[in-house]
Amino acid sequence: MAGLYIHIPFCESRCIYCGFYSTTSLKLRDDYTDALCREMQMRPAKAALGSNETIETIYLGGGTPSQLNGSQLNQIFSAIRKNYTLAENMEITMECNPDDVTGDFCETLKQLPVNRISMGAQTFSNERLHFLHRRHNAGEVEEAVDRLRNIGIRNISIDLMFGFPEESLSQWMSDIRHAIQLDVEHISAYSLMYEEGTPLYHMLKQGKISEIDEETSRKMYEALIDQLTEAGYEHYEISNFARPGFRSRHNSSYWHEVPYIGLGAAAHSYRRKPEVMRSWNEADIHKYIQTITEGRTEQEHEILNKETRYNDLITTALRTIDGITLEDIKKEFGDSFYRTLMTEADKHIARQLMVIKDGHLALTRKGLYISDDIMSDFMLV
């Protein structure tokens with residue numbers, strides 16, 4: 001089994017915090033769609049993954065995939081069906097902006113096999129949405145959920161952010177309550193990040209805004225876990241919460257070393273046969289369209305040695321409630337790696353930051369908030 005990720009880089013406008021590759025050149029949508037479909041022909045599963053894997057999950061991310069029209073989206077899914085073997089009962093996710101979920105857009109969705117929608121709500125404060133340069137307002141999130149329910153979408157995820165400059169704990173609690181009231185199946189929540197190169201980062205460096213203090217950030221994360229678990233959500237990954245049976249299957253594949261094909265500008269792929277390898281397309285839509293149109297793919301790649309694969313496992317599997325399967329460490333990496341892992345793990349277990357249960361090494365709730373520090377202790381130089 002494998003996943004398929006399709007990067008749709010178009011945005012009507014850019015948010016100040018976003019570090020993902022995107023463009024506001026909407027006039028390129030037709031050419032880009034043609035290039036995506038051509039890339040599928042050039043990179044079937046055998047070529048991209050080293051074996052004829054069946055595609056089990058599809059994820060249209062961005063950017064803003066809901067900026068494509070019905071003709072373009074239907075063209076993409078037609079090409080997927082022509083070029084890949086698809087599993088039954090697939091999870092097919094599409095990212096959307098709440099304000100894009102109009103009546104016309106929902107009519108388009110009814111023509112597509114999409115059965116899961118991921119929306120960037122971010123906050124239910126219009127003031128904070130304006131600060132982020134988001135296009136939607138708070139009321140449009142609820143309207144979008146209602147419209148999606150009316151056309152039969154029964155798997156909806158929303159993204160939330162916390163830790164805005166000068167945001168209070170009570171304001172964050174209000175956002176959590178709003179999210180719970182929407183009764184969506186999945187919630188992803190992230191602390192506001194100041195990624196280098198973004199307008200938000202420059203505002204911070206220029207002293208126009210200040211980060212919230214560490215203690216407030218910790219309390220916000222604790223409140224998030226308390227409120228969502230009390231409301232019946234499973235905290236299955238550091239930043240992700242789901243109703244029972246509604247974990248993100250596609251994102252879970254990233255955390256559990258399932259191979260995947262990435263299509264489009266800046267998209268990444270991961271294969272395990274005949275060697276373990278990461279590859280990625282150039283983050284330049286003009287060069288991407290040109291090379292594909294000329295019948296070429298220009299991907300950079302990295303063959304992963306055992307140490308790199310071990311480090312990757314630490315930084316992905318430890319994010320999840322399942323943690324690391326200890327028996328797999330022995331089988332995949334050998335006794336020396338296992339001993340190194342357990343030597344470090346014992347220190348954190350003694351501090352109640354980690355636990356071993358049913359043959360899995362995982363972070364405790366106490367360890368979740370400082371997960372980055374803990375993971376760095378396991379990394380091989």
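Everything below is about the structure printed above this text.
Note that the structure is predicted; figures quoted are calculated from it, not measured.

Rules behind the numbers
- Once a new chain begins, its residue numbering starts again from 1 and follows that chain's sequence as written.
- Whole-chain, interface and lining totals are the exception, using all residues; otherwise, since this is a predicted model, local features are given only for residues with pLDDT of at least 70 and side-chain atom pairs are given and counted only at 80 or more.
- Side-chain metrics in this entry use all non-hydrogen atoms of the structure; hydrogen atoms and water are not considered.
- Each patch is built from residues that are more than 30% exposed by relative accessible area and take part in no salt bridge. Like charges join if they lie within 9 Å; nonpolar side chains (Val, Leu, Ile, Met, Phe, Trp, Tyr) join within 5 Å.
- Calculation of accessible area relied on Shrake-Rupley with a 1.4 Å probe; when residues are assessed, cover is drawn exclusively from the protein chains displayed.
- For salt bridges, the criterion is a side-chain nitrogen of Lys or Arg within 4 Å of an Asp or Glu carboxyl oxygen.
- Note on charges: Lys and Arg go in the positive column, Asp and Glu in the negative column, and His and the chain ends are not counted at all.
- A charged residue contributes its charge at one atom only: NZ of Lys, CZ of Arg, CG of Asp or CD of Glu.
- Runs of E in the DSSP output that reach at least two residues are strands. Runs of H or I that reach at least four are helices, and both are numbered from the N terminus.
- Residue exposure (1.4 Å probe, protein chains only): buried if accessible area is under 20% of the type maximum, exposed if over 50%, otherwise partly exposed.
- Any two of the Phe, Tyr and Trp rings considered here, Trp counted by its six-membered ring, make a pair once their centres fall within 6.5 Å; the pair's planes then place it as stacked at under 30 degrees, edge-to-face at over 60, or tilted in between.
- For helices, the fitted line uses only the C-alpha atoms of the stretch in contact; every axis is such a line through C-alpha atoms, and the angle between N-to-C directions lies from 0 to 180 degrees.
- Angles are sorted into four bins: roughly parallel if under 35 degrees, roughly antiparallel if over 145, roughly perpendicular if 65 to 115, and oblique for all others.
- Crossing handedness is read from the near helix: turned anticlockwise from the far helix by less than a right angle, it gives a left-handed crossing, and turned clockwise, a right-handed one.
- Pairs of residues are marked as contacts when any of their non-hydrogen atoms sit within 4.5 Å.
- One requirement defines pairing of two strands: DSSP has to find at least two bridges between them.
- Crossovers are marked right-handed if the path from the first strand over the helix to the second runs clockwise, as seen with the strands pointing away from the viewer.

Caption draft 1: Representation of a negative patch on the surface. Side chains of Asp213, Glu214, Asp372, Asp373 and Asp377 sit close together on the surface and give a patch of like negative charge. Checked against the element boundaries, Asp372 lands in helix α16 (residues 371-378). Given a relative accessible area of 57%, Asp372 falls into the exposed group.

Caption draft 2: Region of interest: the packing of aromatic side chains. Enumeration according to the criterion identifies 11 aromatic pairs in this entry. Seen in terms of ring centroids, Tyr5 and Tyr59 are 6.1 Å apart; in terms of plane orientation they differ by 25 degrees. Their pairing is stacked. Of this pair, Tyr5 sits in strand β1 (residues 2-8) while Tyr59 sits in strand β2 (residues 55-62), placing them 54 residues apart in sequence. On the accessibility criterion, Tyr5 (15% relative accessible area) is buried. Note on Tyr59: relative accessible area 7%, which makes it buried. Connected via pairs of aromatic rings, a cluster forms that spans Phe10, Tyr32 and Tyr288.

Caption draft 3: A look at the pattern of salt bridges. Scanning all chains against the criterion turns up 26 salt bridges. A salt bridge links Asp99 to Arg135; the shortest N-O distance between them is 2.6 Å. Placement of Asp99 in the loop between β3 (86-96) and α4 (103-109) and of Arg135 in the loop between α5 (126-132) and α6 (138-150) is noted, with a sequence separation of 36 residues between them. When its relative accessible area of 22% is taken as the criterion, Arg135 is described as partly exposed. For Asp183, the salt bridge identified is with Arg243, shortest N-O distance 2.9 Å. Here Asp183, found in the loop between α7 (169-182) and β6 (186-191), pairs with Arg243, found in the loop between β8 (240-242) and α10 (249-255); they are 60 residues apart in sequence, far enough to count as distant.

Caption draft 4: Structural view of unusual backbone geometry. The omega angle of the peptide bond from Gly62 to Gly63 is 15 degrees, so this bond is cis rather than trans. Within the secondary structure layout, Gly63 lies in the loop between β2 and α3 (70-83). Here Lys273 and Pro274 are connected by a cis peptide whose omega angle stands at -10 degrees. Located in the positive-phi region is Gln352, a residue other than glycine, with phi close to 60 degrees. As for its placement among the helices and strands, Gln352 is situated in the loop between α14 (335-350) and β14 (354-357). For Gln352, a relative accessible area of 55% corresponds to the exposed category. The phi angle at Asp358 is positive, at roughly 50 degrees, despite the residue not being glycine.

Caption draft 5: A look at the packing of helix α12 (residues 306-317) against helix α13 (residues 326-333). Close contact between α12 and α13 brings their axes to 11 Å; oriented N to C, the two are set at 165 degrees. Relative to α13, α12 is oriented roughly antiparallel. Both α12 and α13 take part in a crossing whose hand is right-handed. Of α13, the residues touching α12 (which contributes Lys306, Arg309, Tyr310 and Leu313) are Ile329, Glu332 and Phe333.

Caption draft 6: Main features of the pairing of strand β5 (residues 156-162). Of all seven residues in β5, seven are buried, a share of seventy percent or more. Alternating residues of β5 divide into Ile156, Ile158, Leu160 and Phe162 and Ser157, Asp159 and Met161, and every residue in both groups is buried. Judged from the five bridges that link them, strand β4 (residues 116-122) and β5 form a sheet pairing that is parallel. Bridging across to β5, Gln122 finds its partner in Leu160. Note that β5 and β6 share six bridges and pair parallel. Bridging across to β6, Met161 finds its partner in Tyr190. Each parallel crossover has a hand, and the one from β5 via α7 to β6 is right-handed.

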